[in-house]
Amino acid sequence: MVLALRHLLIYACAAGTLLLAANMIMVSHTQRKAAEKRVANLIDEVNELKQLNDQQVKDRVQIQRSIYSIKDLILASAKKSRTPDNHEVVKKDVVLPILIFSCNRPTYITKALEDLIKYRTSKEKFPIIVTQDCGHEETSNAIQAYARHIYKHIKQPDLSPIPNLTKKDKKQEGYYKIARHYGWALGQVFDEMKYEAVIIVEDDLNVSPDFFEYFEATHALLQEDSTLFCVSAWNDNGEAKHIDESQSELLYRTDFFPGLGWMMLNSLWEELRVKWPKGFWDDWLRQEGQRNGRSCIRPEISRTHTFGEKGVSHGQFYKNHLKFINLNGKQVDWTKKDLSYLKKENYDQVFRNQVNAAPLIALSQFEEIARAKTHSAVRILYKNKNEFKVIAKALDIMNDFKDGVPRTAYMGIISIFFKGIRVFVVPPPEWQAYDKTWS
């Protein structure tokens, strides 16, 4: 009798252990409940068997079979939970490669890589791929110095002159080579390496401490909202005088492609690869033919900062504007934030209500309101291109258009924080679409 009960106790403990395993292994709710029921029945059997001294061997076999039956159920459930068709499976961590473009600036690529490596939260989640054009040996050596920190160093194989350029375009051949490089490198990342998404930077960018978390958190948003085509780290009007530095977590939707540190999905590449432009790829991407009514996410405070005074653009806008863009210095744990408010169905009406709640003022009234601080937010109306430029000059914001879209605009509205007041530069209420003739 004692020996029999001892065996029963051992088997009951084994059954309990299997129940714990069932909770630890990824099984569905229904499958786990089935396992729990079988264990409960087994315990009932054990209690009954305590009274049956004359059938010890038979009882032991019966318990063993029950335990093995439960084990088989658990293992089968665990195997099923790992199949692609099981919707309850926990998704693996997404890998977001960093694709950094370089050419012939060895000190720039060194500085950029130092920053990325410094703030990178995971080498596995954020593999760095350096793509190099120009065939510049010193730059190549600078990249190789970081070989243990980067996943791949790929080199554009086509270094030939761009064919069939007009005399005028020949003067801007650098922009055509950049477009060729971008098209080739994106093909490598998506078509050859089979990544699902990529974060694109250039060799003249610093990044913020929360750069990687920012893109990790917004990746799901980009996947889920078909009205988005990119997430950017850049605010074109992001100088210190135009941002609210207390709002490091504030994000916006924008109809203007910002670039300068941005993320795209493979699905967008599938659209663009067949019509990739010969030159000026960024302005091309800002055209409605590529945008298709979609928007990007951008921050109040930039998560990148450019130090690119030397380059193809010869420092265009750099001395007067770009170098003054403020880089976020605060660590924001984006992965713990609920960013669903940025989905179009949640965002648009709330944004409109926020804008419409601000009193409409004339531009001439702004300075007095700013001094008296009588309002925390105001609206300033523009009705045409010339009025917009006058307002932009007075507020010292970017005044150019790309395919009719002002920088940072969403639904025609530009939001800045100027002299302690939230300022919305707004089109008329009847506004429907951007006017391409403004470009």
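Use the structure listed above.
## Things to note about the pairing of strand E6 (residues 228-232)
Next, step 1: Where burial is concerned, most of E6 is hidden: five out of the five residues are buried.
Next, step 2: Pairing analysis gives three bridges linking E6 to strand E9 (residues 295-299), with the strands arranged parallel. Bridge pairing links Leu 228 to Ser 295 in E9.
Next, step 3: Looking at chain direction, E6 and strand E8 (residues 262-265) are connected through two bridges and run antiparallel.

## Regarding the sheet that holds strand E1 (residues 98-102)
What links the strands of a sheet is backbone hydrogen bonding, and the strands pair in either a parallel or an antiparallel sense.
Next, step 1: Read from one edge of the open sheet, eight strands run E3-E2-E1-E4-E8-E6-E9-E7, paired in mixed fashion. The sheet is open, and its two edges are formed by strand E3 (152-155) and strand E7 (251-254), each paired on a single side. Strand-to-strand twist of the sheet, defined as the mean angle between neighbouring strand axes without regard to direction, takes the value 25°.
Next, step 2: Across four bridges, strand E2 (residues 128-132) lies against E3 in parallel orientation. Among the inter-strand pairings, Thr 131 is bridged to a residue of E3, identified as Ile 154.

## Structural notes on the packing of aromatic side chains
Next, step 1: Taken as a whole and judged by the stated rule, the model has 28 aromatic pairs.
Next, step 2: Their ring planes at 85° and their centres at 4.8 Å tell us that Phe 257 and Trp 262 sit as a pair that is edge-to-face.
Next, step 3: Residues Tyr 347 and Phe 351 carry aromatic rings whose centres are separated by 5.4 Å and whose planes lie at 20° to one another, so their mutual orientation is stacked. One end of the pair, Tyr 347, and the other, Phe 351, are both in helix H12 (residues 344-357), four residues apart, so they sit about a helical turn from each other. This pair shows no difference in class: Tyr 347 is buried, exactly as Phe 351 is.
Next, step 4: Aromatic ring contacts, followed pair by pair, group Phe 101, Tyr 182, Phe 190, Phe 229, Phe 257, Trp 262, Trp 269, Trp 276, Trp 281 and Trp 284 into a single cluster.

## Side note on helix H5 (residues 137-144)
Next, step 1: Turning to H5, its buried residues are Thr 139, Ser 140, Ala 142 and Ile 143. All buried residues of H5 fall inside an arc of 160° around its axis, so they share one side. Facing away from the buried side of H5 by more than 90 degrees, the exposed set consists of Glu 137 and Glu 138.

## Here's the deal with the pairing of strand E4 (residues 197-202)
Next, step 1: Among the six residues of E4, five are classified as buried, and the element is accordingly described as predominantly covered.
Next, step 2: Sheet topology places E1 next to E4; four bridges connect them, and they run parallel. Its bridge partner lying in E4, Ile 98 is registered against Ile 199.
Next, step 3: Examined bridge by bridge, E4 and E8 share four bridges and lie antiparallel to one another. Its bridge partner lying in E8, Ile 199 is registered against Met 263.

## Concerning the nonpolar core
Next, step 1: Counting residues in hydrophobic clusters, the biggest one holds 49 residues, and the most contacted among them are Ile 98, Leu 116, Ile 128 and Phe 211.
Next, step 2: The dominant element in this core, judged by the number of residues it contributes, is helix H8 (residues 211-224), at seven residues.
Next, step 3: Setting aside residues no more than four positions away along its own chain, Ile 128 makes contact with Ile 98, Ile 100, Leu 113, Leu 116, Ile 117, Arg 120, His 149, Ile 150, Tyr 151 and Lys 152.
Next, step 4: Membership of the second largest hydrophobic core comes to 27 residues, among which are Met 193, Trp 262, Leu 268 and Leu 285.

## Regarding the pattern of salt bridges
Next, step 1: For the structure on display, the rule yields 24 salt bridges.
Next, step 2: In this structure, the salt-bridge partner of Asp 283 is Arg 286, at a minimum N-O distance of 2.8 Å.
Next, step 3: One connected set of salt bridges, linked through shared partners, spans Asp 282, Asp 283, Arg 286 and Lys 402.

## Topic: the sheet that holds strand E16 (residues 421-426)
Next, step 1: Spatial ordering of the open sheet is given by E11-E12-E16-E15, a layout of four strands whose pairing is mixed. Every interior strand has two partners, whereas the edge strands, strand E11 (360-361) and strand E15 (414-418), have only one.
Next, step 2: Inspection of the sheet shows strand E12 (residues 377-381) paired to E16 by five bridges, in the parallel sense. For Arg 379, the partnering residue across the bridge sits in E16 and is Phe 424.
Next, step 3: Here H12 sits on the sheet and contacts E12 and E16; the angle it forms with E16, its principal contact strand, is near 105°.

## Notes on helix H14 (residues 385-395)
Next, step 1: Restricting attention to buried positions, one finds in H14 the residues Phe 388, Ile 391, Ala 392 and Leu 395. Along the axis of H14, the buried positions cluster into a sector of 100°, meaning they face one direction only. Looking at H14, the residues exposed on the side facing more than 90 degrees away from the buried face are Asn 386, Val 390 and Lys 393.
Next, step 2: Between the side-chain oxygen of the N-cap and the backbone nitrogen of Asn 386 there are 3.2 Å, and the N-cap of H14 in question is Asn 384.

## Brief notes about the side chain of Ser 232
Next, step 1: Its location among the elements puts Ser 232 in strand E6.
Next, step 2: Residue classification places Ser 232 among the buried positions, given a relative accessible area of 0%.
Next, step 3: Those residues within four positions of Ser 232 in sequence are excluded, and the remaining contacts are Tyr 214, Phe 215, Pro 258, Gly 259, Gly 261, Trp 262, Ile 297, Arg 298 and Pro 299.

## Regarding the state of the cysteines
Next, step 1: By the definition in use, this model includes two disulfides.
Next, step 2: With a sulfur-sulfur separation of 1.5 Å, Cys 103 is cross-linked through a disulfide to Cys 134. Given an S-S torsion of about -80°, the disulfide between Cys 103 and Cys 134 has left-handed geometry. Of this pair, Cys 103 sits in the loop between E1 and helix H4 (106-119) while Cys 134 sits in the loop between E2 and H5, and the two are 31 residues apart along the sequence.

What counts as what
Residues numbered from 1 in each chain as written. Predicted model: local features only at pLDDT ≥ 70, side-chain atom pairs only at ≥ 80, totals over all residues. Heavy atoms only, no water. Buried < 20%, exposed > 50% of the residue type's maximum accessible area, 1.4 Å probe, protein only. Helix = DSSP H or I, 4+ residues; strand = E, 2+ residues; numbered from the N terminus. Pairing = 2+ DSSP bridges. Axes fitted to C-alpha atoms, helices over the stretch in contact; angles between N-to-C directions. Phe/Tyr/Trp six-rings, centres within 6.5 Å; stacked < 30°, edge-to-face > 60°. Arc of directions from axis to C-beta. Core = buried A, V, L, I, M, F, W, Y, C linked by side-chain atoms within 4.5 Å. Contact = heavy atoms within 4.5 Å. Salt bridge = Lys/Arg side-chain N within 4 Å of Asp/Glu carboxyl O. Polar contact = N/O pair within 3.5 Å; in protein donor to acceptor, adjacent residues only side chain to side chain. Disulfide = S-S within 2.5 Å.

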